[in-house]
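One-letter residues, chain by chain:
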Amino acid sequence: MSEIPSRNLALDLVRVTEAAAMAAARFMGRGDKESGDQAAVDAMRLVLNSIDMEGVVVIGEGEKDEAPMLYNGEVLGAGSPPKLDIAVDPVDGTRLLAHGKTNSLATVALAERGSMLDPGPIVYMYKIAVGPEAKGHINIDASVTENLRSVAAAKGMDLDDLTVVILERPRHEEIIDEIRRVGARIRLITDGDVAGALMTAWPGSGIDMLIGIGGTPEGVLAACALKSMQGEIQGKLYPRNEEEAALAREMGYDLDKVLTINDLVNSDDIFFAVTGITDGELVDGVKYTGEGAHTHSLVMRSMSGTVREIRSSHRWDKLMQYSQIKYDPSPPESDVG
Ligand code: VTB
């Protein structure tokens, strides 16, 4: 029955997302997507490499945005067991960060080797995500209306009380029309559907459901977090064209299959961390003070279901003596070791 507590790698992971967020947040509002992402990638890779694990990146920086790499297949960690899969999104919402808008996040997840879905060539996934009260009450094969009714009933809410988060994209016009006809409320987001999915399971966010077509990698990351938060996500791969569909079929992907949360990540011991880059419903963004920075993170482990909220205070005078990451781009000369 009893077990000696094992390592909670999520506590190592929060250092990874804090580093990524502090490095990336310098680029808030600078209109430059790539530099913010690059800073987060560099910081994330450096700290991930210090963790005692044999990790392989399964969900890395996608080809879609031609982002700088924490590439799929890259081996990370200090090289001792456990063998793990790694999912990263150094900046979910690079455009949000570049424009200083809400809800850009740094996220990372770890789970046993072989447990995370490899999205292969399929960049997009249709997904529905909900929090604990609506778990077991969604069906991606049913209509939007049926899902809304079912979630409202499960939560003891009226349809006009529900708030649905959805990416603002032309491809979602029909879904948006349907949600409006049913009478539910909509929160349109320009980017960042990892944050959107997590909000459904975060008390006080005011978000009841995420629906729509977003990134497949983001779906796997959301699944990693929602397992710890007792929420649910279902998905279906969404090829962009016939060519992509044919390639996926050739590679053995079943495009009609409903991907349950277990298909997205088949593990009961998942570690997940997220740190806010800009302010949002989920976590606060990085605040610089002149002497350092404050960060706000959530840290979770699915096995225990523990979700920790961590507020950290970071000091440049100490950190910049040894850190390879330039958190403070313009330190007084005497402070640099
Ligand atoms: C989402 C969102 C990301 O991609 O997955 C979205 O979470 C989907 O792709 O932040 P499109 O932008 O091509 O619609 C992002 O916006 C990042 O590209």
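Everything discussed here concerns the structure shown above.
Each chain carries its own residue numbering, running from 1 in the direction its sequence is written. Only residues with pLDDT of at least 70 are given local features in this predicted model, and only at 80 or more are side-chain atom pairs given and counted; all residues enter the totals for whole chains, interfaces and linings. With hydrogens and water stripped out, all remaining heavy atoms of the structure feed into the side-chain values.

Caption draft 1: Seen up close, the overall build of the protein chain. Summing up its helical and strand segments, the protein chain has 10 helices and 13 strands in all. Computed over its C-alpha atoms, the radius of gyration of the protein chain comes to 20 Å, within 12% of the 20 Å expected for a compact globule of 337 residues. Seen along its three principal axes, the alpha-carbon backbone of the protein chain occupies a region of about 65 × 50 × 40 Å. Taking all 337 residues of the protein chain together, 55% fall into the buried category. All accessible-area figures derive from a Shrake-Rupley calculation using a 1.4 Å probe, and residue coverage is judged against the displayed protein chains alone. In the structure as shown, the protein chain presents an accessible area of about 14,800 Å², 47% of it carried by carbon and sulfur atoms. A helix here means a DSSP run of H or I that spans at least four residues, while a strand means a run of E at least two residues long, and both kinds are numbered starting from the N terminus. Here the radius of gyration uses the C-alpha set of atoms, whereas the globule reference equals 2.2 Å times the residue count to the power 0.38. Working definition: with a 1.4 Å probe on protein chains only, accessible area under 20% of the residue-type maximum means buried, over 50% means exposed, and in between means partly exposed.

Caption draft 2: Looking closely at the pairing of strand 8 (residues 209-215). Most of strand 8 sits inside the fold, with 7 of its 7 residues counted as buried. Only when DSSP finds a minimum of two bridges between them are two strands counted as paired. Inspection of the sheet shows strand 6 (residues 163-167) paired to strand 8 by 2 bridges, in the parallel sense. In the strand pairing of strand 8, valine 164 is matched with methionine 209.

Caption draft 3: Representation of the site of the ligand in the model. The environment of the ligand is made up of 15 residues, and the closest members are Tyr124, Arg169, Asp191, Asp193 and Gly215. Contact distances for the ligand include 2.6 Å between an oxygen atom and a side-chain N or O atom of arginine 169. Pairs of N or O atoms within 3.5 Å make up the polar contacts considered here, provided that, within protein, one atom can donate a hydrogen while the other can accept it, and that residues adjacent in sequence are counted only when both atoms are side-chain atoms. A distance of 2.6 Å separates an oxygen atom of the ligand from a polar atom in the backbone of aspartate 193. Out of a free accessible area of 400 Å², the ligand has 90% covered by protein chains. Here the term charged refers only to Asp, Glu, Lys and Arg, the term nonpolar to Ala, Val, Leu, Ile, Met, Phe, Trp, Tyr, Cys and Pro, and the term polar to all other amino acids, Gly among them. Across the shell around the ligand, the residue classes break down as 2 nonpolar, 4 polar and 9 charged. The cutoff for a nearby residue is simple: one of its non-hydrogen atoms must lie within 4 Å of the molecule or strand.

Caption draft 4: Looking closely at helix 2 (residues 33-48). Take the residue count of a helix, subtract one, and multiply by 1.5 Å to get its expected span. Over its 16 residues, helix 2 extends 22 Å from the first C-alpha to the last, a length consistent with the 22 Å expected when each residue adds 1.5 Å. Within the sequence span of helix 2, burial applies to Gly36, Asp37, Ala39, Ala40, Val41, Ala43, Met44, Val47 and Leu48. Contacts are assigned to residue pairs with any non-hydrogen atoms lying within 4.5 Å of each other. Where helix 2 is buried, its residues contact helix 1 (10-24), strand 2 (75-76), strand 3 (83-92), helix 3 (94-98) and strand 4 (105-112). Sitting at the head of helix 2, aspartate 32 places a side-chain oxygen 3.3 Å from the backbone nitrogen of glutamate 34.

Any functional reading would require information beyond the geometric quantities listed.
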